[in-house]
Amino acid sequence: MGRWIKARRVGADHPGMEAGGAQRCRGGRGATLVEYALIVALVVVPSIGALSRLDDVSDDYYTDASDDIGDLPQLGIDTSSNSSVPSGSTTTTAAPTTTTAAPTTTTTAPTTTTTAPTTTTTAPTTTTTLLRSTISELTNVSSNNGTSYNAAARVKIIRNSTGTAVNGAAVTIRMVDRFGNSSNRSCTTDSTGRCTGTWSRSDNNGPVTATVTAVTANPIWDGAQQSVSLPAI
């Protein structure tokens with residue numbers, strides 16, 4: 001295109017050269033088409049031959065592969081002309097069994113132990129003290145003048161509930177010296193609840209043991225005896 005335009009410009013500037021330039025342009029175009037034809041012939045013809053050769057080679061490859069597969073041992077396939085299914089050959093494919101155990105959740109309920117309160121009722125204890133006379137004291141009041149020994153014991157009787165003196169109680173006191181000689185002495189209490197029992201002995205008979213063995217009083221005596229030693233001083 002550019003060469004043609006250039007030729008046109010040259011023809012315009014030089015009218016005598018236009019005809020010769022046009023011929024050269026046409027001659028150049030014809031040579032280019034021939035070259036293209038040769039190039040196509042050189043490419044297409046060998047390609048056709050190569051494709052034909054590739055077809056032959058692939059046909060031989062697949063034929064050999066088919067023959068090789070046919071030569072392999074046929075396991076479990078009946079190659080006899082009879083196309084019926086053999087009755088003695090049974091193939092069983094068992095699907096795999098998947099067992100999923102559900103998780104076990106054990107919930108232990110909380111144990112609540114309620115202990116009922118224990119109420120212990122203790123019955124009031126009523127102590128009734130019987131009204132009695134009792135010995136509150138037993139003392140030594142002996143005397144010794146150097147020649148005679150007067151063994152003497154003084155006793156006091158009271159009420160056990162109030163501690164007040166018991167007047168007019170008859171008291172028996174048993175006296176025993178150191179040789180085993182004995183004598184029962186008696187006395188009666190005064191308003192202070194006291195009385196004294198006396199036994200005259202020689203000095204060498206002491207000491208004497210005095211024991212209250214009986215009390216007659218109102219209220220009655222509780223029976224608790226008491227003793228005291230009466231030394232010969």
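Everything quoted here is computed from the prediction, not taken from an experiment. Residue positions are counted from 1 within each chain, in the order its sequence is given. A pLDDT threshold of at least 70 governs which residues receive local features in this predicted model, and a stricter bar of 80 or more applies before side-chain atom pairs are shown or counted, although totals over entire chains, interfaces and linings include all residues. Computation of side-chain values covers all heavy atoms of the structure but excludes hydrogens and water.

K.L.:
Is there a simple way to think about the overall build of the chain in this case?
P.N.:
Only runs of H or I of at least four residues qualify as helices and only runs of E of at least two qualify as strands under DSSP, and these elements are numbered from the N terminus. Scanning the chain from terminus to terminus reveals two helices and eight strands. Scanning the chain from its N terminus toward the C terminus, one meets helices and strands in the order α-α-β-β-β-β-β-β-β-β. Exposure was quantified through the Shrake-Rupley algorithm and a 1.4 Å probe, taking into account, for residues, occlusion by the shown protein chains and nothing else. For the chain, the computed accessible surface area is about 17700 Å², with 55% contributed by carbon and sulfur atoms.

K.L.:
Explanation requested: a negative patch on the surface in the structure shown.
P.N.:
Distance thresholds for patches are 9 Å for like charges and 5 Å for nonpolar side chains (Val, Leu, Ile, Met, Phe, Trp, Tyr), applied to residues having over 30% relative accessible area and no salt bridge. The salt bridge criterion pairs a side-chain nitrogen of Lys or Arg with a carboxyl oxygen of Asp or Glu, the two atoms within 4 Å. His is not counted here, nor are the chain ends, while Lys and Arg score as positive and Asp and Glu score as negative. Throughout, a charge is located at the NZ atom of Lys, the CZ atom of Arg, the CG atom of Asp or the CD atom of Glu. Judged by side-chain charge, D55, D56, D59, D60, D64, D67, D68 and D71 come together as a negatively charged surface patch. With respect to the secondary-structure elements, D68 resides in helix α2 (residues 18-71).

K.L.:
Help me understand the nonpolar core in this model?
P.N.:
The tendency in soluble globular proteins is for nonpolar side chains to be buried as a group. Residues belong to a common nonpolar core when they are buried Ala, Val, Leu, Ile, Met, Phe, Trp, Tyr or Cys residues joined through side-chain atoms within 4.5 Å. Only protein chains enter the accessibility calculation, which uses a 1.4 Å probe; a residue is then buried when its area is under 20% of its type maximum, exposed when over 50%, and partly exposed in between. Counting residues in hydrophobic clusters, the biggest one holds 23 residues, and the most contacted among them are V155, V171, I173, M175, V212, V215 and L230. Every element with two or more residues in this core is listed here: β1 (133-140), β3 (149-159), β4 (170-176), β6 (194-201), β7 (208-216) and β8 (226-230). It is β3 that contributes the most residues to this core, five residues altogether. Every residue pair with non-hydrogen atoms within 4.5 Å of one another is taken to be in contact. Sequence-distant contacts of V171, defined by excluding residues within four places in its chain, comprise V155, I157, R185, S186, C187, T189, C195, V212, A214 and V215.

K.L.:
Explanation requested: the sheet that holds β7 in the structure shown.
P.N.:
The strands making up a sheet are joined through hydrogen bonds of the backbone, oriented either antiparallel or parallel. Paired strands, as defined in this entry, are two strands with at least two bridges between them according to DSSP. Pairing is antiparallel across the open sheet formed by four strands, whose spatial order is β5-β4-β7-β8. For this open sheet the edge positions go to β5 (182-188) and β8, each flanked by a neighbour on one side alone. Strand-to-strand, the axes of this sheet are offset by a mean angle of 25 degrees, without reference to chain direction. When β4 meets β5, the two strands line up antiparallel, connected through seven bridges. Residue pairing for β5: V171 is matched across the bridge by C187. Only the stretch in contact is used when a helix axis is fitted, and all axes are lines through C-alpha atoms; the angle between N-to-C directions ranges over 0 to 180 degrees.

K.L.:
Before we go on, may I ask you to explain the packing of aromatic side chains in this structure?
P.N.:
Given two aromatic rings, their pairing is described by the distance between the two centres and the angle made by the two planes. Under the pairing criterion, centres of Phe, Tyr and Trp rings, with the six-membered ring standing for Trp, must be within 6.5 Å; the plane angle then separates stacked pairs below 30 degrees from edge-to-face pairs above 60, leaving the rest tilted. Enumeration according to the criterion identifies one aromatic pair in this entry. Between Y61 and Y62, the ring centres sit 5.3 Å apart and the planes meet at 75 degrees, which makes this aromatic pair edge-to-face. Judged by its relative accessible area of 55%, Y61 is exposed. Look at Y62 and you get exposed, because its relative accessible area is 59%.

K.L.:
So what exactly am I meant to see when it comes to a nonpolar patch on the surface here?
P.N.:
Residues L33, Y36, I39, V40, L42, V43, V44 and I48 make up a contiguous nonpolar surface patch of roughly 830 Å² in combined accessible area. Locating V43 in the fold gives a position in helix α2.

K.L.:
Before we go on, may I ask you to explain the side chain of T134 in this structure?
P.N.:
Position of T134 relative to the elements: it lies in strand β1. Residue T134 is classed as buried on the basis of its relative accessible area, which comes to 16%. Within polar-contact distance, the side chain of T134 engages the side chain of D222 at 2.8 Å. Any N or O atom pair separated by 3.5 Å or less is treated as a polar contact, with the protein-specific requirement of one donor-capable and one acceptor-capable atom, and with residues adjacent in sequence counted only for side-chain atom pairs.

K.L.:
Just to check I follow, could you spell out the pattern of salt bridges for this structure?
P.N.:
Any two side chains of opposite charge can pair, given that their charged atoms come close. Summed over the entire model, instances satisfying the criterion amount to two salt bridges. Residue R194 pairs with E137 through a salt bridge whose shortest N-O separation is 3.2 Å. Of this pair, R194 sits in strand β6 while E137 is found in strand β1, placing the two residues 57 residues apart along the sequence. With a relative accessible area of 27%, R194 lands in the partly exposed category. With a shortest N-O distance of 3.0 Å, R201 and D177 are connected by a salt bridge. Taken together, the residues R201 in strand β6 and D177 in the loop between β4 and β5 connect sequence positions 24 residues apart. The class of R201 is partly exposed, set by a relative accessible area of 22%.

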